[in-house]
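# Observations on the three-dimensional arrangement
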Amino acid sequence: MGSTDTLAEIIIHPDVENYIIEVDWQEVRNGDERLRAGIVQWFEDGHLILLKNHGLRVDYELLNSFKMPASETLRKLPYRRFLYPKPWKRDHRLAIFGAFGFDMRKYLWVRRQVKELNADLARLSQELFPNYRFLREQFSWRLLETPDTAAPLHIDFHSGGDMHYLRLFLNLDVQPRVWEISHRLDETVLRYHEDMDWPRLNALNADMFFNQTGDYLRNDVKDPCHVAKFHQGDLWLCDTRKISHGVLSGNRTVATHFWVDRQSMDDPSKRIEVQVANLRAKYGPQAKAAE
């Protein structure tokens, strides 16, 4: 078992706003409520937060001691498939027997660690955001090597309607997980709004708005980027619908997907649906006037 300080290496690009903040979680646990409130504000504003001294107890050796079969169906492994496999389903069998064979004792050790770490991440999330009401929890275990082309610069989209969203990421692997991090959503749209199909965007829901906006990053441009090298034990959190990011390399990590009641936010006006509505109001009429 081990607990690791934040060791992430960040290379800042001068042409991209530096919205990366490092926070020592131990200071909050020691009673710094102003810093706790700052974490909530920074997250809702769309910052990426590195959480130093997070205190999670992780058996890194155990979680790096098996190899998952190289199947795209297992790239983002939902935790329930791993914890509660249905042997009559091929991908469930592949995840368990492909990784552990008939060594069920080892599988049960790993299963216990996955359950414990999921629970610890959920508890930490509630400590980080004590006023948030979590409506649904999901944990995504990434246990395969990331191909070079797997996750180019993009903005995430997640179905679920008008609600807030919390994501934490923990690198489990001995190798660093390397992200490129570029402009936030507002700045991305500002830069490319003249080329965007606003009549079409105005007809889409917010989730598809992200998807279409992300296409400009994936297909048409190469924005300057910060580069973040997250080492084993590094923990970071951000709303990946507000930050353009890509995964350059990395193997084993766990990511949370927590749906949050928007009314429990510190400032519900910062939720993503309002941000998208403001972007449409700002740039949509300009596009119509230019036609």
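Refer to the structure above for everything that follows.
Figured I'd write up the structure that's included with this text.

## Some points on the overall build of the protein chain
On a plain count of helices and strands, the protein chain comes out with ten helices and 13 strands. For 291 residues, the compact-globule estimate of 2.2 N^0.38 gives 19 Å, and the protein chain sits close to it at 20 Å. For the protein chain, the spread of C-alpha atoms along the three principal axes comes to 65 × 45 × 35 Å. Sequence-distant contacts in the protein chain: of pairs separated by 6 or more residues, those separated by 24 or more amount to 87%. When the accessible area of the protein chain is evaluated, it comes to approximately 13,700 Å², of which 48% is carbon and sulfur surface.

## Some details on the pairing of strand β10 (residues 226–230)
Side chains His226, Ala228 and Phe230 of β10 all project onto a buried face; the interleaved residues Val227 and Lys229 project onto a face where none is buried. One ladder, built from three bridges, connects strand β1 (residues 9–11) with β10; its direction is antiparallel. By the bridge assignment for β10, Ile10 is matched with Ala228. Where strand β9 (residues 177–184) meets β10, five bridges bridge the pair, whose relative direction is antiparallel. Looking at β10, one finds that Ile181 is bridged to His226.

## Topic: the side chain of Asn118
If you trace the backbone, Asn118 turns up in helix α6 (residues 104–128). If we ignore the near neighbours within four places in the chain, the residues touching Asn118 are Tyr79, Leu83, Phe139, Trp141 and Val254.

## A look at the sheet that holds strand β6 (residues 151–154)
The five strands lie next to each other as β1-β10-β9-β12-β6, forming an open sheet whose pairing is antiparallel. A strand with exactly one partner marks an edge of an open sheet, and here the two such strands are β1 and β6. Within the sheet, the average angular offset between the axes of one strand and its neighbour, ignoring direction, is 20 degrees. Summarising the sheet, β6 and strand β12 (residues 243–249) pair through two bridges and their orientation is antiparallel.

## Examining the packing of aromatic side chains
Summed over all chains, the structure comprises 19 aromatic pairs. Ring centres of Tyr132 and Phe134 lie 6.3 Å apart, and the angle between their planes is 65 degrees; this geometry places the pair in the edge-to-face category. Overall, the relative accessible area of 4% leaves Tyr132 in the buried class. When the centroid spacing of 5.5 Å and the interplanar angle of 90 degrees are considered together, the rings of Trp179 and Trp236 count as edge-to-face.

## Remarks on the pattern of salt bridges
Overall, the coordinates contain 13 salt bridges when judged by the stated rule. The partner of Asp156 in a salt bridge is Arg167, and the shortest N-O contact between them spans 3.1 Å. You can see Asp156 sitting in the loop between β6 and β7 (164–166) and its partner Arg167 sitting in the loop between β7 and β8 (168–171), a full eleven residues away along the chain. Comparing Asp156 with Arg167 shows no difference in burial state: the two are buried. Among the salt bridges present, the one from Glu187 reaches Arg191, with a minimum N-O distance of 2.9 Å. Note that Glu187 and Arg191 are positioned in helix α7 (residues 185–192) at a spacing of four residues, about one turn of the helix. Salt bridges sharing partners connect three or more residues here, namely Asp162, Arg262 and Arg271.

Criteria and thresholds
Residues numbered from 1 in each chain as written. Predicted model: local features only at pLDDT ≥ 70, side-chain atom pairs only at ≥ 80, totals over all residues. Heavy atoms only, no water. Helix = DSSP H or I, 4+ residues; strand = E, 2+ residues; numbered from the N terminus. Rg over C-alpha atoms; globule rule 2.2 N^0.38 Å. Contact = heavy atoms within 4.5 Å. Areas by Shrake-Rupley, 256 points an atom, 1.4 Å probe, with all protein chains shown as cover. Buried < 20%, exposed > 50% of the residue type's maximum accessible area, 1.4 Å probe, protein only. Pairing = 2+ DSSP bridges. Axes fitted to C-alpha atoms, helices over the stretch in contact; angles between N-to-C directions. Phe/Tyr/Trp six-rings, centres within 6.5 Å; stacked < 30°, edge-to-face > 60°. Salt bridge = Lys/Arg side-chain N within 4 Å of Asp/Glu carboxyl O.

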